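So you can see what is in the structure, the chains are spelled out below.
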Amino acid sequence: MKPSTTRPMALVAAVLASILSSACTVDATLALTCKAAAAIDVRVNLQMCESLMVPKDKDAWGMARNAADEGAINAAVAANAINKTLLAGSASVARESLLMNAALGMCLRRFEQATLSFSNASEEIGRRRNQLGGRNKLDGALAQVQECKDAFAMRGLPQPQPLAQNTTDAIQMAIIANAIICTVDAAVASNCKAALSATVDSTCKAAAASDPRVNLQLCVSQLGVSISGRTANAWSLAKAACDEGVYKMILAGSDAATLLEDKSTVPSNKPVLETCAAVYDKAVMAFTQAGEQIEQRNLAAATSRMDEVLAKAQEKQCDGAALRALVPTPPQKLLQNAADSVQMAIIAKAIINLIK
Ligand SMILES: *[C@@H]1O[C@H](CO)[C@@H](O)[C@H](O)[C@H]1NC(C)=O
Ligand SMILES: *[C@@H]1O[C@H](CO)[C@@H](O)[C@H](O)[C@H]1NC(C)=O
Ligand SMILES: *[C@@H]1O[C@H](CO)[C@@H](O)[C@H](O)[C@H]1NC(C)=O
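Just so you know, these numbers come straight off a predicted model, no measurement behind them.

Lining the immediate surroundings of ligand 3 are S117, N120 and K137. N120 is positioned such that a nitrogen or oxygen atom in its side chain is 2.4 Å from an oxygen atom of ligand 3. Look at ligand 3: alone it shows 360 Å² of surface, and the protein chains cover 36% of it.

Written as structure tokens, this is what we have:
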């Protein structure tokens, strides 16, 4: 075999291997495009990218357009679901429901706007000329969907399903469409890369250098997603880590509550779960307060609140060891959400410390 063909052959073999190892067949051109998109933007979820519809001519513009259309569908479905929920729940006056309704109302408007932004992006991409035009519309969609997530986080509420899934998917579609557009030409690709991650990258690296507990990869990918469509600086990144931490802690608490109500839960497991539900509640409160202090640029108070979060979340009766000891199987989802939340607190605190 001539040396010049060795590399492409190896690439084809690698792509084939990855296709064969996945459950369903992924179009080879799509797989390559997604890989290139992920190399430009660490936030790209390869699996979701590879689930896109492939246009007949297999061209990148068409793939990007399909991603934008998929985003529009997700946003429209989410808006529709919120409408139904609001109409069904309008008689309820409980405080929780009032907060929930306020968050849902804000989300409805954001998703209606995002549906338009995605559709406009799709049209712009369809013209196959102006890369920035499509990307600007996608940035708009991303920011609007993010604001829906914020509407819940700022009220200390979990985003209900299926809204949460549709929100995550819409965010991912905006990121994927954007990154695929960036693959179209090399000059744009390097601009995309530079614009995207410089601040997130350097801040996460500095945070990891200052605290070995910081998971650098998670910091870059998670904060990259959270900060999408917003200005990245140490304050906004600390706030984004804090918001994500609150969100995961709320999920951990609701996992614990679900297990407590579940009839199949072994009774001897209940005391630990009860302790954890209470611990997470308090941690959510401290976490939310830390977020407020970050918003007010109050370093000392934000730091001490974050210490409180870490102390609470790692309380002896409800630490990873106590949960892992539960029989017959430790609650994996709860453990993961709790661990992610603690990691976000560590990241937020390390970033706050950089500001000093
Ligand atoms: C929205 O989320 C639900 C729940 O995960 C899912 O079944 C549905 O397909 C999603 N909608 C779209 C348009 O992806
Ligand atoms: C939500 O409901 C209102 C009032 O019924 C309607 O005007 C609006 O078009 C609906 N929006 C969506 C996205 O379904
Ligand atoms: C989308 O395009 C329409 C028609 O050109 C325009 O009126 C609207 O303001 C645009 N909306 C967004 C969010 O880009």
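What follows concerns helix 2 (residues 28–40). For helix 2, which comprises 13 residues, the first-to-last C-alpha distance of 19 Å matches the rise-based estimate of 18 Å (1.5 Å per residue) to within 8%. Among all positions of helix 2, only L30, A31, T33, C34, A37 and I40 are buried. At the N-terminal boundary of helix 2, the capping side chain belongs to D27, with an oxygen 3.0 Å from the backbone nitrogen of T29.

Let us look at the pattern of salt bridges. Counted by the stated rule, this structure contains 15 salt bridges. E244 is the salt-bridge partner of K149, the closest N and O atoms lying 3.5 Å from each other. Of this pair, K149 sits in helix 6 (residues 131–153) while E244 is found in helix 10 (residues 234–261), placing the two residues 95 residues apart along the sequence. Among the salt bridges present, the one from R305 reaches E308, with a minimum N-O distance of 2.9 Å. Placement of both R305 and E308 in helix 12 (residues 299–313) is noted, with a separation of three residues, approximately one turn of the helix. Classification of E308 by relative accessible area gives partly exposed; the value is 29%.

Inspection of every chain in the model, using the stated rule, returns one cavity of 30 Å³ or more. The volume enclosed by the largest cavity comes to roughly 140 Å³. Along its surface, the largest cavity is lined by 13 residues, and K149, D150, A153, D243 and E244 are the ones closest to its centre. With five residues, the single largest contributor to the lining of the largest cavity is helix 6. The class makeup of the residues in the lining of the largest cavity is five nonpolar, three polar and five charged.

One pair of aromatic rings is described through two measures. These are the centre distance and the angle between the planes. Tallying each qualifying case throughout the model produces zero aromatic pairs. Lying across the ring of Y247, K149 places its NZ or CZ 5.4 Å from the centre.

This brings us to the nonpolar core. Membership of the largest hydrophobic core comes to 52 residues, with the highest contact counts inside it found for L223, Y280, F287, I294, M306 and I347. Contributing elements (two or more residues each) for this core: helix 8 (186–210), helix 9 (216–226), helix 10, helix 11 (270–295), helix 12 and helix 14 (332–355). Not counting residues within four places of it along the chain, the set of residues in contact with L223 comprises V200, C204, L218, L237, A240, A241, I347 and I351. One finds A31, A72, V145 and I181 within the second-largest nonpolar core, a separate group that totals 50 residues.

Moving on, we come to the environment of N269. Relative to the assigned elements, N269 resides in the loop between helix 10 and helix 11. Ignoring anything within four residues of it in the chain, the contact list for N269 reads L326 and V327.

We now examine the state of the cysteines. Evaluation of the coordinates by the stated rule reveals five disulfides. Paired through a disulfide, C182 and C192 show a sulfur-sulfur distance of 1.9 Å. Its torsion about the S-S bond being -85°, the disulfide of C182 and C192 is classed as left-handed. Remark: C192 occurs in helix 8 and C182 occurs in helix 7 (residues 163–183); sequence separation between them is 10 residues.

Glancing now at the layout of surface pockets. Leftover empty space is mapped by rolling, across the atoms, a probe with the size of a water molecule. Here the largest pocket defines a volume of roughly 780 Å³. Residue lining of the largest pocket: 28 residues in total, with K149, T168, E244, Y247 and K248 positioned closest to the centre. Where the lining of the largest pocket is concerned, the elements lending two or more residues are helix 7, helix 9, helix 10 and helix 14. Each residue belonging to the lining of the largest pocket can be placed in one class, and the counts come to nine nonpolar, 11 polar and eight charged.

Neighbouring ligand 1 are the residues I73, N74, V77, P162, Q165 and N166. In this structure, N74 approaches ligand 1 through a side-chain N or O atom, which is 3.0 Å from an oxygen atom. Between ligand 1 and N166 there is a distance of 2.4 Å, counted from an oxygen atom to a side-chain nitrogen or oxygen. Compared with its free state, where it exposes 360 Å², ligand 1 has 54% of that area covered by protein. Those elements that provide at least two residues to the shell around ligand 1 are helix 4 (60–88) and helix 7. Examining the composition of the shell around ligand 1, we find that three residues originate from one element, helix 4, more than from any other.

One way to put it is that helix 9 packs onto helix 14 with a least axis distance of 11 Å and a crossing angle of 90°. It follows that helix 9 is roughly perpendicular to helix 14 by the angle criterion. Touching L218, C219, Q222 and L223 of helix 9 are Q343, M344, I347 and I351, all from helix 14. Here the residues of the contact of helix 9 with helix 14 are counted per class, giving six nonpolar, two polar and no charged.

Conventions used here
- Counting from 1, residues in each chain are numbered in the order their sequence is written.
- Starting at A for chains and at 1 for ligands, labels are handed out in the order in which the entities are written.
- The model is predicted, so local features are restricted to residues of pLDDT at least 70 and side-chain atom pairs to those at 80 or more, both for listing and for counting; the totals for chains, interfaces and linings are taken over all residues.
- Excluded from the side-chain calculations are hydrogens and water; all other atoms, namely the structure's heavy atoms, are used.
- Note on terminology: near, applied to a residue and a molecule or strand, indicates that one of the residue's heavy atoms is within 4 Å of it.
- Between N or O atoms, a polar contact is any pair within 3.5 Å; within protein, one atom must be a potential hydrogen donor and the other a potential acceptor, and residues adjacent in sequence are included only when both atoms are from side chains.
- For accessible areas, the Shrake-Rupley method is used with a probe of radius 1.4 Å. Any residue's cover is judged against the shown protein chains and nothing else.
- Counting from the N terminus, the helices are the DSSP runs of H or I reaching at least four residues and the strands are the DSSP runs of E reaching at least two.
- One fewer than the residue count of a helix, multiplied by 1.5 Å, yields its expected span.
- Exposure is judged per residue with a 1.4 Å probe applied to protein chains only, and the accessible area is read against the type maximum: over 50% gives exposed, under 20% gives buried, and values in between give partly exposed.
- When a carboxyl oxygen of Asp or Glu lies within 4 Å of a side-chain nitrogen of Lys or Arg, that pair is called a salt bridge.
- Throughout, the protein atoms alone are placed on a 1 Å grid, and a set of points is a cavity if a 1.4 Å probe fits but cannot get out or a pocket if it is open with protein on both sides within 12 Å along at least five of seven lines; lining residues have an atom within 4 Å of a point.
- Grid points are joined across faces, edges and corners, and a volume is the space filled by probe spheres set on the points.
- Side-chain classes follow a simple rule in which Ala, Val, Leu, Ile, Met, Phe, Trp, Tyr, Cys and Pro form the nonpolar group, Asp, Glu, Lys and Arg form the charged group, and the remainder, Gly included, forms the polar group.
- Side-chain rings of Phe, Tyr and Trp, where Trp is taken by its six-membered ring, are said to pair if the distance between their centres is within 6.5 Å; with planes under 30 degrees apart they count as stacked, over 60 as edge-to-face, and otherwise as tilted.
- Remark: a charge is flagged as sitting over a ring if the NZ atom of Lys or the CZ atom of Arg is within 6 Å of the ring centre and within 35 degrees of the ring normal.
- Each nonpolar core is a collection of buried residues, namely Ala, Val, Leu, Ile, Met, Phe, Trp, Tyr and Cys, held together in the definition by side-chain atoms within 4.5 Å.
- It only takes one pair of heavy atoms within 4.5 Å for two residues to be counted as in contact.
- Cysteine sulfur atoms that come within 2.5 Å of each other are treated as a disulfide pair.
- Each axis is a line fitted through C-alpha atoms, taken for helices only over the stretch in contact, and angles between the N-to-C directions span 0 to 180 degrees.
- Here the word oblique covers every angle except those under 35 degrees (roughly parallel), over 145 (roughly antiparallel) and from 65 to 115 (roughly perpendicular).

Take it as geometry only, folks, not as evidence of what the structure does.
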